[in-house]
Amino acid sequence: MVVSKTGYQAVKARHTCIRRLSAWPLTDVAVRNAKPGPKNIRLKDERGLHLEISPKGGKWWRLRYWISGKERLISLGTYPDISLKDARERRDEARKLIANG
């Protein structure tokens, strides 16, 4: 017996899948194949690290963090000058510095 989903349940299921996929860490292939769009695009990695892609094609590694309830943003370099592995190392170093004040 097949039970069909209502419109709300189908949208909710699709939304859940999209959220889940965006929480996965980035891969080198995904970073390399990322194309610019009409607006800035953010490809999220882990622990606040993301790759921001401008409409002109520039790719920047950014780290989001919060201090006293305010969001801050640090640039960790540009891709391909800084690889995914290097960006993750820089993220870890920056998080240590932020934690130590």
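The structure reproduced in this document is the subject of the present report. Fair warning: this is a prediction, and the values are worked out from it, not measured in the lab.

Grouped together as the largest cluster of nonpolar side chains are 14 residues, with contacts concentrated most on Leu26, Val31, Leu51 and Trp61. Elements represented by at least two residues in this core include exactly β2 (49-53), β3 (59-67) and α3 (84-100).

So, on to the side chain of Arg62. Relative to the helices and strands, Arg62 resides in strand β3. Judged by its relative accessible area of 19%, Arg62 is buried. Apart from residues no more than four positions distant in its own chain, Arg62 is found in contact with Gly48, Leu49, His50, Glu52, Leu73, Ile74 and Ser75.

Turning to the packing of aromatic side chains, a few remarks are in order. Under the criterion given, the structure shown has 1 aromatic pair. Consider the rings of Trp61 and Tyr79, whose centres lie 6.4 Å apart with planes at 80 degrees: the pair is edge-to-face. Here the residue Trp61 occupies a position in strand β3, and Tyr79 occupies one in the loop between β4 (70-78) and α3, the gap between them amounting to 18 residues. The pair formed by Trp61 and Tyr79 is uniform in burial state, with each residue classed as buried.

Before going further, it helps to examine unusual backbone geometry. Geometrically, the link from Tyr79 to Pro80 is a cis peptide bond, its omega value of 15 degrees lying close to zero. Its location among the elements puts Pro80 in the loop between β4 and α3. Positioned with a positive phi, Arg47 is a non-glycine residue whose angle comes to about 50 degrees. Although it is not a glycine, Ser68 adopts a positive phi angle of roughly 55 degrees. With respect to the secondary-structure elements, Ser68 resides in the loop between β3 and β4. For Ser68, a relative accessible area of 75% gives the class exposed.

Okay, the sheet that holds β3 next. If you trace the 4 strands from one edge of the open sheet to the other, you get β1-β2-β3-β4, paired in antiparallel fashion. One side of each edge strand has no neighbouring strand; the edge strands of this open sheet are β1 (41-44) and β4. When strand polarity is set aside, the average angle formed by the axes of neighbouring strands in this sheet is 35 degrees. In the sheet, β3 pairs with β4 via 8 bridges, with the strands oriented antiparallel. Looking across to β4, one finds that Trp66 is bridged to Glu71.

Cut-offs and rules
- Residues numbered from 1 in each chain as written.
- Predicted model: local features only at pLDDT ≥ 70, side-chain atom pairs only at ≥ 80, totals over all residues.
- Heavy atoms only, no water.
- Core = buried A, V, L, I, M, F, W, Y, C linked by side-chain atoms within 4.5 Å.
- Buried < 20%, exposed > 50% of the residue type's maximum accessible area, 1.4 Å probe, protein only.
- Helix = DSSP H or I, 4+ residues; strand = E, 2+ residues; numbered from the N terminus.
- Contact = heavy atoms within 4.5 Å.
- Phe/Tyr/Trp six-rings, centres within 6.5 Å; stacked < 30°, edge-to-face > 60°.
- Pairing = 2+ DSSP bridges.
- Axes fitted to C-alpha atoms, helices over the stretch in contact; angles between N-to-C directions.

No statement about biological role is implied by the geometric values presented.
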